[in-house]
Amino acid sequence: QVQLAESGGGLVQAGGSLRLSCAASGSIFNINHMGWYRQAPGKQRELVASITRAGTTYYADSVKGRFTISRDNAKNTVYLQMNSLKPEDTAVYYCNKAPLILAVDWGQGTQVTVSS
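Quick caveat, the model's predicted, so the values are computed rather than measured.

Here is what the cut-offs are and how they apply
- Residues numbered from 1 in each chain as written.
- Predicted model: local features only at pLDDT ≥ 70, side-chain atom pairs only at ≥ 80, totals over all residues.
- Heavy atoms only, no water.
- Helix = DSSP H or I, 4+ residues; strand = E, 2+ residues; numbered from the N terminus.
- Rg over C-alpha atoms; globule rule 2.2 N^0.38 Å.
- Buried < 20%, exposed > 50% of the residue type's maximum accessible area, 1.4 Å probe, protein only.
- Contact = heavy atoms within 4.5 Å.
- Core = buried A, V, L, I, M, F, W, Y, C linked by side-chain atoms within 4.5 Å.
- Salt bridge = Lys/Arg side-chain N within 4 Å of Asp/Glu carboxyl O.
- Pairing = 2+ DSSP bridges.
- Axes fitted to C-alpha atoms, helices over the stretch in contact; angles between N-to-C directions.
- Phe/Tyr/Trp six-rings, centres within 6.5 Å; stacked < 30°, edge-to-face > 60°.
- Lys NZ or Arg CZ within 6 Å of the ring centre and 35° of its normal.

Novice: When you look at the overall build of the protein in this model, what are you seeing that I'm missing?
Specialist: When helices and strands are tallied, the protein shows zero helices and 10 strands. Ordered by position from N to C terminus, the α and β elements of the protein give β-β-β-β-β-β-β-β-β-β. Expected size for 116 residues packed as a compact globule is a radius of gyration near 13 Å; at 13 Å, the protein falls within 12% of this value. Taken along the three principal axes of its C-alpha coordinates, the protein extends 40 × 25 × 20 Å. Split into buried and exposed, the 116 residues of the protein put 45% on the buried side. Long-range contacts, defined here as pairs at least 24 residues apart, represent 53% of the contacts in the protein between residues at least 6 apart.

This is the structure we're talking about:
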């Protein structure tokens, strides 16, 4: 059973950068599409970026050009490089497969807070 653990969040000023990591205890090679999701207070969970095992990427319009998703299948890790952060990026960030049908158990997420 795959277990997911997110890390790398923190408190940054607007315009700053963070790199999030999603470490899996088991292999993610058989999961074709992995994604980063976020949920802000009072908002629905949304998919912000995803990547296939071959490297094809998707980005939500709100983060396009600022975030970069990557995947290291050998290390069973998915990354999210976040640049030019904005206060509206403040949320708890999670990783999981995409789509969420038969999703892997959720990790604890990692908090990203962007101050103005």
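Novice: Mind showing me how you'd approach the nonpolar core here?
Specialist: The tendency in soluble globular proteins is for nonpolar side chains to be buried side by side. Membership of the largest hydrophobic core comes to 30 residues, with the highest contact counts inside it found for W36, I69, V78, L80, M82 and Y93. Counting residues per element, the ones that place at least two in this core are strand 3 (18-24), strand 4 (33-39), strand 5 (46-52), strand 7 (67-72), strand 8 (77-82), strand 9 (91-97) and strand 10 (110-115). A per-element tally of this core places strand 3 first, with four residues.

Novice: Help me understand the pattern of salt bridges in this model?
Specialist: For side chains of opposite charge, pairing can occur when their charged atoms come near one another. Evaluation of the coordinates by the stated rule reveals four salt bridges. With a shortest N-O distance of 2.8 Å, E46 and R38 are connected by a salt bridge. Residue E46 is classed as partly exposed on the basis of its relative accessible area, which comes to 32%. With a relative accessible area of 6%, R38 lands in the buried category. Note that R38 is salt-bridged to D89, the shortest N-O span being 3.0 Å. With a gap of 51 residues between them, R38 in strand 4 and D89 in the loop between strand 8 and strand 9 connect regions that are remote in the sequence. Across the pair, D89 and R38 agree in class, each one buried. Salt bridges sharing common partners tie together R38, E46, R66 and D89.

Novice: Got a minute to help me understand the sheet that holds strand 7 in this structure?
Specialist: Where strands meet in a sheet, backbone hydrogen bonds hold them as pairs that are either parallel or antiparallel. Here four strands make up an open sheet; going across it, the order is 1-3-8-7 and the pairing antiparallel. On the outer flanks of this sheet lie strand 1 (4-7) and strand 7, each paired with one strand and no other. Neighbour-to-neighbour, the strand axes of the sheet open up by a mean angle of 15°, direction not taken into account. Here four bridges tie strand 1 to strand 3, and the two strands are oriented antiparallel to one another. Residue pairing for strand 3: L4 is matched across the bridge by A24.

Novice: How should the packing of aromatic side chains be read in this particular structure?
Specialist: For any pair of aromatic rings, geometry is given as the distance between the ring centres together with the angle between the planes. All told, the structure shown has two aromatic pairs when counted by the stated rule. Measuring from centroid to centroid gives 5.8 Å for Y94 and W106, while their planes differ by 80°, and the two rings are edge-to-face. In this pair, Y94 sits in strand 9 while W106 sits in the loop between strand 9 and strand 10, placing the two residues 12 residues apart along the sequence. Its guanidinium or amino end placed over the ring of F29, R53 lies 5.4 Å from that ring's centre, counting from NZ or CZ.

Take it as geometry only, folks, not as evidence of what the structure does.
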